[in-house]
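Architecture at a glance
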Amino acid sequence: MKNLFSLEGKIAIVTGGSSGIGAMIAESFVRNGVKTYITSRKEEVLQNTAREFSKFGECIAISADLSEREGILKFIKKIKTIENKIDILINNAGTSWGASIEKFPEQGWDKVMDINLKSIFFLTQQCIPLLKLAGNKETPARVVNIASINGITHPNMPTYSYSSSKAAVIQLTRHMGADLAKDFININGIAPGYFPSKMTAFVEHDAEMQKMVLDKIPLGRMGKTEDIAGAAIYLCSEASSWICGQTIVVDGGMIAGAG
């Protein structure tokens, strides 16, 4: 049990890996000996992140638009020219949209569902052959889907497509987890609470809003890199080999404290 949480020598893909939670997970992987591919649509930010993380290990940037099947196929084709297996897939790429229920646009529904939900299903689908080659009965390959506490409880914001997509991610994690276990691919999820990111910037830069949020978190602070990294490392290491189809809440006790 000495190396129960070791990821040394693994190969991982982290979508949305250039910023926010994706970058936190990617950095933790690189620092722990994982050859890590990060992807997002913004080439410059992606390359800058890869250069920064490469100070600690292997980090490779591949720009891709995973909201459409064509972009997913192009990305996987590129990966297959470099690697013959993938040990870990982190489905983190996501977006949000806010508008009143009376004015919520179809574009705000479709865009969020395409990135937050559809891309998870079809990217995982295309990665199955690579994941199968990495996994076995004792050491399964891993997929971790990043959901949200807003997919579990009321977000108190008019982000209807976001909360719906994240609730769907949790169910998709159960469904795919049960179906792909036979192929030695363990699929689990993480439902983060408030972490520093573009989607929570409005909280960080508004003192009143920040106080309101922190008052709802029993541990009294926002999440930090180590919090999300610990959960991701656990779900991708030997320590979680018998965990399948589950979504771990990492929120400082926010949902528990909500009653």
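Right, let's walk through the structure included here. Residue positions are given per chain, counted from 1 along the sequence in the order it is written. Note on the predicted model: pLDDT of at least 70 is required for a residue's local features to be given, and 80 or more for side-chain atom pairs to be given and counted; whole-chain, interface and lining totals, by contrast, use all residues. By convention in this description, side-chain values take in all heavy atoms of the structure and omit both hydrogens and water.

1. Re the sheet that holds strand E3 (residues 59-61)
Note the threshold: Any two strands with at least two DSSP-identified bridges between them are counted as paired. Comment: elements are numbered from the N terminus, with helices defined as DSSP H or I runs of at least four residues and strands as E runs of at least two. Helix axes use the C-alpha atoms of the stretch in contact, all axes being lines fitted to C-alpha atoms, and the angles between their N-to-C directions lie in the range 0 to 180 degrees. Should any heavy atoms of two residues lie within 4.5 Å, those residues are counted as being in contact.
On the basis of which strands lie adjacent, the open sheet formed by 7 strands has the order E3-E2-E1-E4-E5-E6-E7 and parallel pairing. With one partner strand each, in any of the chains shown, E3 and strand E7 (247-250) form the two edges of the open sheet. Here the average twist between neighbouring strands, direction ignored, is 20°. Contacting strand E2 (35-39) and E3, helix H2 (residues 43-53) crosses the sheet at an angle of about 170° to E3.

2. Concerning the pattern of salt bridges
What counts is decided by this rule: Just to be clear on terms, a salt bridge is a Lys or Arg side-chain nitrogen sitting within 4 Å of an Asp or Glu carboxyl oxygen. Accessible area is worked out with a 1.4 Å probe on protein chains only. A residue is then buried under 20% of its type maximum, exposed over 50%, and partly exposed in between.
Taken as a whole, this structure holds 9 salt bridges when the rule is applied. As a salt-bridge pair, Asp114 and Lys118 come within 3.6 Å of each other at their nearest N and O atoms. In this pair, Asp114 and Lys118 both sit in helix H4 (residues 106-134), 4 residues apart, roughly one turn of the helix. Taking the relative accessible area as the measure of exposure, Lys118 reaches 34% and is therefore partly exposed. One salt-bridge network, held together by shared partners, links Lys132, Lys182 and Asp183.

3. A word on the pairing of strand E5 (residues 141-146)
Quick note on the threshold: A crossover counts as right-handed when, viewed with the strands pointing away from the observer, the path leading from the first strand over the helix to the second turns clockwise.
Of all 6 residues making up E5, 6 are buried, and the element is well covered by its neighbours. In terms of strand pairing, strand E4 (residues 88-91) meets E5 through 4 bridges, oriented parallel. For Ile90, the partnering residue across the bridge sits in E5 and is Val144. With H4 bridging E4 and its parallel neighbour E5, the resulting β-α-β unit is right-handed. In this structure, E5 lies alongside strand E6 (residues 185-192), joined through 6 bridges in parallel fashion. Looking at the pairing, Arg142 lines up with Asn186 of E6. This β-α-β element, E5 to helix H5 (residues 160-180) to E6, shows right-handed connectivity.

4. A short note on the packing of aromatic side chains
For clarity, the cut-off: Pairing of aromatic rings covers Phe, Tyr and the six-membered ring of Trp, with a centre-to-centre limit of 6.5 Å; geometry is then stacked below 30 degrees between planes, edge-to-face above 60, and tilted otherwise. Cation placement over rings: the criterion is NZ of Lys or CZ of Arg within 6 Å of the ring centroid and within 35° of the ring normal.
Within the structure shown, the criterion is met by 3 aromatic pairs. Centre to centre, the rings of Phe121 and Phe122 are 5.0 Å apart; their planes meet at 90°, and the pair counts as edge-to-face. Judged by its relative accessible area of 34%, Phe121 falls in the partly exposed class. Under the relative-accessibility criterion, Phe122 is labelled partly exposed at 26%. Over the face of the ring belonging to Phe56 we find Arg31, whose NZ or CZ atom lies 3.6 Å from the ring centre.

5. Details of the side chain of Ser40
Selection criterion: Whenever a nitrogen or oxygen atom comes within 3.5 Å of another N or O atom, the pair is scored as a polar contact, on the condition that within protein one atom can donate a hydrogen and the other can accept it, and that pairs from neighbouring residues in sequence are kept only if both atoms are in side chains.
With respect to the element layout, Ser40 can be found in the loop between E2 and H2. Within the structure, Ser40 has its side chain in polar contact with the side chain of Ser18 (distance 3.3 Å). Beyond its immediate stretch of four places on either side in the chain, Ser40 contacts Gly16, Ser18, Leu46, Ile62, Ser63 and Ala64.

6. Considerations on the packing of H4 against H5
Here is the rule: Working rule for angles: under 35 degrees goes down as roughly parallel, over 145 as roughly antiparallel, 65 to 115 as roughly perpendicular, anything else as oblique. Put simply, a crossing is left-handed when the front helix is turned counterclockwise from the back one by less than a right angle, and right-handed when it is turned clockwise. Each residue receives one of three labels: charged for Asp, Glu, Lys and Arg, nonpolar for Ala, Val, Leu, Ile, Met, Phe, Trp, Tyr, Cys and Pro, and polar for the others, Gly being one of them.
Where H4 contacts H5, the two axes come as close as 8 Å, and the packing angle between them is 15°. The angle between H4 and H5 places the two elements in the roughly parallel class. Classified by chirality, the crossing of H5 by H4 is right-handed. Counted together, Gly108, Trp109, Val112, Met113, Asn116, Leu117, Ile120, Phe121, Thr124 and Ile128 of H4 and Tyr160, Ser161, Tyr162, Ser164, Ser165, Lys166, Ala168, Val169, Leu172, Met176 and Leu180 of H5 form the full contact between these two elements. Looking at the contact of H4 with H5 residue by residue, the class counts come to 14 nonpolar, 6 polar and 1 charged.

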